[in-house]
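Structural overview
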Amino acid sequence: MAQVLVLTSALAPGAEILPALGLLSHSISVAPAEASALVSGDRTHDLVLVDARTDLAQARSLCRVLRTTGISAPLFAILTEGGLAGVTTEWGVDDVVLTTAGPAEVEARFRLALGRTAQDEPEESNLTLGALTIDEAGYSAKLRGRPLDLTYKEFELLKYLAQHPGRVFTRSQLLQEVWGYDYFGGTRTVDVHVRRLRAKLGADHELLIGTVRNVGYRLVPEQAPQEEDHDEESLAPEQAAQ
């Protein structure tokens, strides 16, 4: 059941403005035809319907204003058949519905609009593990709110380890997954990037990336200094490929 808000200048219940609403199970509320109605109520509305039966100019202006407020709910215009000729893309509505539409048609239009809205919602791109937060879409990472100045490959390496917390990866696996199968550099490139990452994480958090002797590396969400064997071999001051 959806929460439906009808914005109208008429002093009438929603079922009189759009008769099909009276035959559906949605929760209907009516408010004055003003953009402020969206923020003055105490409910979150799933659908917003603007009454455009009698005053197309006013309804068009209201729809455009609603769009500027960043409304996320599907926006409908309720029209008579004669009013269809006046609707353009400038209205900014997601759909129109005629006052003569039956409940099956109205329900279908509501269902499709809600489905499109759900598909358009951006997926959460933040990956949080303890004090570490990774913004996958923004290619950035923070540790206890402090931005980390990472190169692209350092970020990709940290992100890949964070996507599989606790799992141990060999250097060869990390080279293939982060650098790609067509990369011909040696596995010491992974060691160099791990050392750089640890330096940027800082002394208090460098053990977030743990070394498993004779195997490889893993990300440890909670620091456990006694559990990890932090004895990397000395690395030559080579420059790894970015």
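Keep in mind the model is a prediction, meaning the values are calculated, not measured.

1. Structural notes on the packing of helix H5 (residues 152-163) against helix H6 (residues 171-179)
The contact between H5 and H6 brings their axes to 10 Å, and the two run at 115°. Between H5 and H6 lies a crossing whose hand is right-handed. Within the contact between the two elements, H5 uses Lys-153, Glu-156, Leu-157, Tyr-160 and Leu-161 and H6 uses Leu-174, Glu-177, Val-178 and Trp-179. Classifying every residue of the contact of H5 with H6 gives six nonpolar, no polar and three charged.

2. Some remarks on the pairing of strand E4 (residues 75-79)
Among the five residues in E4, five count as buried, and that is most of the element. Here E4 shows two buried faces, one formed by Leu-75, Ala-77 and Leu-79 and the other by Phe-76 and Ile-78. For the crossover from strand E3 (residues 47-51) across helix H3 (residues 56-68) to E4, the handedness is right-handed. The sheet contact formed by E4 and strand E5 (residues 95-98) spans four bridges and is parallel. The partner of Ala-77 across the bridge, within E5, is Val-96.

3. Section: unusual backbone geometry
With a phi angle near 50°, Arg-144 is a residue other than glycine that sits in the positive phi range. With respect to the secondary-structure elements, Arg-144 resides in the loop between strand E8 (140-143) and strand E9 (146-147). The class of Arg-144 is exposed, set by a relative accessible area of 63%. A positive phi angle is found at Asn-214, which is not glycine, with a value near 65°. Inspection of the secondary structure assignment puts Asn-214 in the loop between strand E11 (209-212) and strand E12 (216-219). Take Asn-214: its relative accessible area is 76%, and that puts it in the exposed class.

Conventions adopted
Residues numbered from 1 in each chain as written. Predicted model: local features only at pLDDT ≥ 70, side-chain atom pairs only at ≥ 80, totals over all residues. Heavy atoms only, no water. Axes fitted to C-alpha atoms, helices over the stretch in contact; angles between N-to-C directions. Helix = DSSP H or I, 4+ residues; strand = E, 2+ residues; numbered from the N terminus. Left-handed = near helix turned anticlockwise from the far one by under 90°. Contact = heavy atoms within 4.5 Å. Nonpolar A, V, L, I, M, F, W, Y, C, P; charged D, E, K, R; others polar. Buried < 20%, exposed > 50% of the residue type's maximum accessible area, 1.4 Å probe, protein only. Right-handed = clockwise from strand over helix to strand, strands pointing away. Pairing = 2+ DSSP bridges.

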